[in-house]
Amino acid sequence: MTRTPSAEPKESNRSPTRTGMRLIVPLQGIVQGRGGLILGSLIPCTLFYFLQFYLKRHRSPPQNPPSRSTSAANLSELPRSSSRANLLSRGSTGRAHVSARASSIAKPNASPYYIGLDRVREDPYDEMSNPDGVIQLGLSENRLSLDLIEEWLSRNCTDSILGVGGDALGLNGIATYQPMDGLMEFKVAMADFMTEAMGKTVSFDPSRVVVTSGATPALEILSFCLADHGNAFLVPAPYYPGFDRDIRWRAGVELIPVHCRSCDNFTLSITALEQAFNQARKRGQKVRGILISNPANPVGNMLNKDMLYDLLDFARERNIHIISDEIFAGSTYGNEEFVSMAEIADSEDADKDRVHIIYGLSKDFSIPGFRVGVIYSFNESVLAASRKLTRFSSVSTATQKLLVSMLSDKRFIQEYLKTNKQRIRSMYDLFVAGLRELGVECTKSSGGLYCWVDLSRLISPYNEKGELDLWDKLLNRAKINVTPGSACHCIEPGWFRFCFTTLNEKEIPVVMERMCKVVESCKPSV
Amino acid sequence: MAIKIIEQQQQPSVGLSRVAVSDTHGEDSPYFAGWKAYDQDPYDELTNPSGVIQMGLAENQVSFDLLEKYLEEHPEATNNGSSTAASGFRENALFQDYHGLQSFRKAMASFMEQIRGGRAKFSPDRIVITAGATAANELLTFILADPGDALLIPTPYYPGFDRDLRWRTGVNIVPVHCDSSNNFEITRQALESAYKEAESKNMRVRGVLITNPSNPLGATIKRAILEQVLEFATSKNIHLVSDEIYSGSAFSSGEFVSIAEILEARNYKDSERVHIVYSLSKDLGLPGFRVGTIYSYNDKVVTTARRMSSFTLISSQTQQLLASMLSDRKFTEMYIRTNRERLRQRYQMIVDGLKNAGIQCLEGNAGLFCWMNMSPILEKPNREQELALWELILHEVKLNISPGSSCHCSEPGWFRVCFANMSEKTLEVALTRIHHFMERRRVR
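Since we're looking at a predicted model, the values are computed, not measured.

1. Concerning the overall build of chain B
- Helices and strands together make up the secondary structure of chain B, namely 16 helices and 13 strands.
- The C-alpha radius of gyration computed for chain B amounts to 23 Å, which stays within 12% of the reference 22 Å derived for 444 residues, consistent with globular compactness.
- When the backbone C-alpha atoms are referred to their principal axes, chain B occupies close to 65 × 60 × 55 Å.
- Counting over 444 residues, chain B shows a buried share of 66%.
- By element, 50% of the accessible surface of chain B is carried by carbon and sulfur atoms, the whole surface being about 15,700 Å².
- If you average the places of the 48 positive and of the 53 negative side-chain charges in chain B, the two averages end up 3 Å apart.

Right under this line is the structure:
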């Protein structure tokens, strides 16, 4: 079975060489005085056009985008070790060929997202030991409620994290080969957790749960199943930078941004979706689905029921899929109730086949390190294919067993979800109030672990460069790491994502004080 | 009924990708069909003594007790060195760095060194973690080859490669044919011939993938042959992937030669094309833990594999647990030694039992299975007869074994028989059944 080769050129020298040959011959004509005025003007114009074309095709591809599953990415140096081991460390970059796929991401990271994370790692803020360090606001991690889990562990797992109770250390049933898509009891536990996290408006069915090692592979597996290499998904923008990697990299599915604007509070409009779909069709690009995030990342707003129905109608009319990434569903803090795409699918009998949901425990349950993701689909064929593909991204049974005991404690889970939401809400209120005192506003949001901050008045010039200048000031002068909107494909410059769940309350004034300096220095002179 | 059909015609179902509908997952082949038969009628000493005995699953259960004992005696091993589960939790919970825990990589490097009797050194910084060897092999394929390219793999080989290396990657496998005339050893001729075959089909060969010790042969690859394969790869400027997942299951440490040793002996010349895959699923009998690694001597491959491993990370909790266990050198030394010895005994038991039944096996020295020669009793030396025999053994003798054709063996009549995924008693039952089966045939 062969796939159509990637659209990207395999060797960067091929295209211009062929183009070059086509130009050299007529050029000779001009040089020798033949061809005259027409060729004399046509050729330079054509050359210019080809030069633009060449430059466009070889502009470096989007750098390796931020990961849900990475916090360190700079591999420019492998640490050295002594004497004999040096021979081992001294590997070579070698002449043996590496695939086009590999080449595109082996380049060093220039992405602001990674640079920021590295700076935090090199110089992390600590109230006592490093009060001038960089404060991390660029990672959507939730540290607010880990103590609740620690408490539960103290009460229930006296000895070992491996398990609960007398048979805690028994390897029976966990060490041998198990279904790659998850233990049945774990699927039940996940289905129950999803039901609780999403407000019990939908009852999730364990037989539709496919377990993967994080939401990252869940999305990639779905991409492999729903679209062929070269097809496309429509994605409301700004969007989570990791999508570029999860969907485009190996599965080769293109992402067509559907731009949302501040005048609409960055809400998705069906008109914009229609336009994007039609334009794609004109270009000959086959759209296979829509990818929505709900609650949205980086904006933090939620899609209401009407919009979800409209989206399903839109998808039905064009016979395409809907992937709803609901990983932040349990991390809501606004007054709106979260509505899952599953609720819509449940109510519309005939159309479920096109609806698929992504979930995981990295955000709502604060355990990104445990690597737990879920594909939830209403399509039997997609489930069948996904289950087989989980062999490449499966979750350790030891981890599943531990989590089963935790997640089955219904009372604990309900308490956890409730308390967690309250804490996110308090942090959000404090954080937004702090920004407001500086004259800085955020988009109204109701979910996620971050807020979408408007610093557009402070950037100069009003474009991506201005935005990155401000990002740099924030990182290196104010020493706070935030995510610039350009990394999220936001069409309006000057917006930034600030994650506030890695902080504690005491640190908010510190952040605001540092922000203040930069804000003051950037205010346009009257 | 008719109404339903019309409705379906009006509402075209939403399409899926070629990857989703392809059968490259291979789960319709005999290799997996036998598993289904087993699932429907599994042997149990007490409740189902006439059920199908699973001898098609290469799982190691002979040394479980050693692991259980260790964990019982070292509960703190699982808690990040802290005394309780709670205190070790926070770091694990947030740790999702695709470099993997430093302590875990160190422990893996040390374990791999021990398995090779200290004859090769491994640097923790070249270790990339993946959720199992399956993922490691697929990841390497994505990195080393483009869609339409080819990997050369000596036959017979692990049936799972057809799925793991080809399905999503779009890469082809071109077999390097080996046969019983020289104990299925890889020859230069066979490599060259496979290379030419790929060329004739317009496929660019990107690498050779060997499994050492071999699955399904159950034998280690000799040093001279490894050197030859490396030389071949160098001469064609292609990669060499050595899947050493059974390295700890060689019956004696001295018999297994790793490609790492060869590289070290020649001061790492030409090493940038070599990559080793390892996993704890076989040697430690922990396939459920999903622990695999790629060890590459090529910096670019290490960097790229690390980033790509985002799709297949090992949970920090599992890394933590194994880091503690594998850095306990006293334990690992004892484990490796004992495991080898027990496997050797099992191997002896099955080979002797088969000999008594009149069946020869390839002389093996590693792995969780033996390579059994049933060609003498085939009615005709072809694939159909082999499959007919396989079905007979599955349904009459009630043993699920793996036919050589599913491993792409060019000679019909060979079967892989696993012996480590059951108790000694069960193995005896299986041998008795084979014995009776062969007797019945002789009488006829």
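2. Observations concerning the pairing of strand E7 (residues 274-279) of chain B
Residue and element names in this part refer to chain B.
- The buried count for E7 comes to six of six residues, which makes it a mostly enclosed element.
- Burial along E7 is two-sided: the residues Val274, Ile276 and Tyr278 and His275, Val277 and Ser279 are all buried.
- In terms of strand pairing, strand E6 (residues 239-243) meets E7 through four bridges, oriented parallel. The residue of E7 that forms the bridge with Ser242 is Ile276.
- A crossover links E6 with its parallel partner E7, the connecting element being helix H11 (residues 259-265), and its sense is right-handed.

3. Observations regarding the packing of helix H15 (residues 410-437) of chain A against helix H17 (residues 507-522) of chain A
Residues and elements named next belong to chain A.
- Close contact between H15 and H17 brings their axes to 10 Å; oriented N to C, the two are set at 25°. What the angle tells us is that H15 and H17 run roughly parallel. Relative to H17, the crossing made by H15 is right-handed. Each of Met427, Leu430, Phe431, Gly434 and Leu435 in H15 lies in contact with H17, whose residues at this interface are Ile508, Val511, Met512 and Met515.
- Class assignment for the residues of the contact of H15 with H17 results in eight nonpolar, one polar and no charged.

4. Considerations on the nonpolar core
- Counting residues in each nonpolar core, the largest one holds 151 residues, and the members touching the most others are Phe431, Leu455, Leu474, Phe498 and Met515 of chain A together with Met55 and Ile350 of chain B.
- Considering each element in turn, this core owes the most residues, eight residues, to helix H8 (residues 215-226) of chain A.
- Residue contacts for Phe498 of chain A: discarding those within four places in its chain leaves Leu137, Phe431, Leu449, Tyr450, Cys451, Val453, Leu455, Ile480, Val482 and Met515 of chain A.
- Among the nonpolar cores identified, the runner-up in size contains 80 residues, and Cys157, Leu403, Leu407 and Cys490 of chain A belong to it.

5. Details of the sheet that holds strand E12 (residues 483-484) of chain A
- The strand order across the open sheet built from four strands is E9-E10-E13-E12 (chain A), with neighbouring strands paired in antiparallel fashion. The strands lining the two open edges of the sheet, one partner per strand, are strand E9 (441-442) and E12 of chain A.

6. As for the packing of aromatic side chains
- Here the structure, examined in full by the defined rule, presents 37 aromatic pairs over all chains.
- Between the aromatic rings of Tyr376 of chain A and Phe378 of chain A, the centroid separation amounts to 5.6 Å while the plane-to-plane angle is 80°, which identifies the pairing as edge-to-face.
- Taking the relative accessible area as the measure of exposure, Phe378 of chain A reaches 6% and is therefore buried.
- Pairing Tyr428 of chain A with Phe500 of chain A gives two aromatic rings, centres 5.9 Å apart and planes at 50°, and the pair type is tilted. Of the two residues, Tyr428 of chain A sits in helix H15 while Phe500 of chain A sits in the loop between strand E13 (495-499) and H17, which places them 72 residues apart along the sequence. Each of the two residues, Tyr428 of chain A as well as Phe500 of chain A, counts as buried.
- An aromatic cluster of three or more residues is present, and its members are Trp152, Phe193, Tyr359, Phe365, Phe412 and Tyr416 of chain A.
- One Lys or Arg, Arg416 of chain B, reaches over the ring of Phe369 of chain B and ends 5.0 Å from the middle of that ring.

7. Comments concerning the environment of Trp371 of chain B
Residue and element names in this part refer to chain B.
- One can find Trp371 in strand E10 (residues 369-373).
- Between the alpha carbons of Trp371 and Trp414 there is a distance of 6.7 Å; along the sequence they are 43 residues apart.
- Among all residues touching Trp371, those that are not within four sequence positions of it are Pro156, Phe184, Pro216, Leu217, Cys361, Leu362, Gly404, Cys409, Trp414, Phe415 and Arg416.

8. Quick look at unusual backbone geometry
All names here are of chain A.
- Of note, the bond from Asn297 into Pro298 is cis; its omega dihedral lies within 30 degrees of zero at 15°.
- Checked against the element boundaries, Pro298 lands in the loop between strand E5 (287-293) and helix H11 (305-318).
- The peptide bond linking Ser460 to Pro461 adopts the cis configuration, its omega dihedral lying at -5°.
- Turning to its location among the elements, Pro461 is positioned in the loop between strand E10 (450-454) and helix H16 (464-476).

9. Digging into the packing of H8 of chain A against helix H9 (residues 242-249) of chain A
All names here are of chain A.
- Their axes nearest at 8 Å, the elements H8 and H9 cross at an angle of 40°. Classified by the interaxial angle, the pair formed by H8 and H9 is oblique. Between H8 and H9 the crossing geometry is right-handed. In this structure, H8 uses Thr216, Leu219, Glu220 and Ser223 to contact H9, whose residues at the interface are Phe243, Arg245, Asp246 and Ile247.
- Of the residues in the contact of H8 with H9, the class split is three nonpolar, two polar and three charged.

10. Quick look at the pairing of E10 of chain A
Residue and element names in this part refer to chain A.
- Counted residue by residue, E10 has four buried out of five residues, so it is predominantly covered.
- Relative to E10, E9 is paired through two bridges, and the arrangement is antiparallel. Of the residues in E10, the one forming a bridge with Cys442 is Val453.
- Taken together, the five bridges between E10 and E13 define a ladder with antiparallel strand orientation. The partner of Cys451 across the bridge, within E13, is Phe498.

11. Quick notes on the sheet that holds strand E8 (residues 292-296) of chain B
All names here are of chain B.
- Ordered in space as E2-E8-E7-E6-E5-E3-E4, the seven strands form an open sheet in which the pairing is mixed. Each of the sheet's edge strands pairs with one partner strand only, and the pair in question is strand E2 (127-130) and strand E4 (172-176). When the angles between neighbouring strand axes are averaged without regard to direction, this sheet yields 25°.
- Relative to E8, E2 is paired through four bridges, and the arrangement is antiparallel.

12. Here we look at H15 of chain A
- Helix length check: H15 of chain A, at 28 residues, gives a terminal C-alpha distance of 41 Å against a target of 40 Å (1.5 Å per residue), a fit within 8%.
- Positive backbone phi, approximately 85°, marks Gly439 of chain A, located one or two places after H15 of chain A.

Parameters at a glance
Residues numbered from 1 in each chain as written. Chains lettered and ligands numbered in written order. Predicted model: local features only at pLDDT ≥ 70, side-chain atom pairs only at ≥ 80, totals over all residues. Heavy atoms only, no water. Helix = DSSP H or I, 4+ residues; strand = E, 2+ residues; numbered from the N terminus. Rg over C-alpha atoms; globule rule 2.2 N^0.38 Å. Buried < 20%, exposed > 50% of the residue type's maximum accessible area, 1.4 Å probe, protein only. Areas by Shrake-Rupley, 256 points an atom, 1.4 Å probe, with all protein chains shown as cover. Lys, Arg positive; Asp, Glu negative; His and termini not counted. Charge placed at Lys NZ, Arg CZ, Asp CG, Glu CD. Pairing = 2+ DSSP bridges. Right-handed = clockwise from strand over helix to strand, strands pointing away. Axes fitted to C-alpha atoms, helices over the stretch in contact; angles between N-to-C directions. Parallel < 35°, antiparallel > 145°, perpendicular 65-115°, else oblique. Left-handed = near helix turned anticlockwise from the far one by under 90°. Contact = heavy atoms within 4.5 Å. Nonpolar A, V, L, I, M, F, W, Y, C, P; charged D, E, K, R; others polar. Core = buried A, V, L, I, M, F, W, Y, C linked by side-chain atoms within 4.5 Å. Phe/Tyr/Trp six-rings, centres within 6.5 Å; stacked < 30°, edge-to-face > 60°. Lys NZ or Arg CZ within 6 Å of the ring centre and 35° of its normal. Expected span 1.5 Å × (residues − 1).

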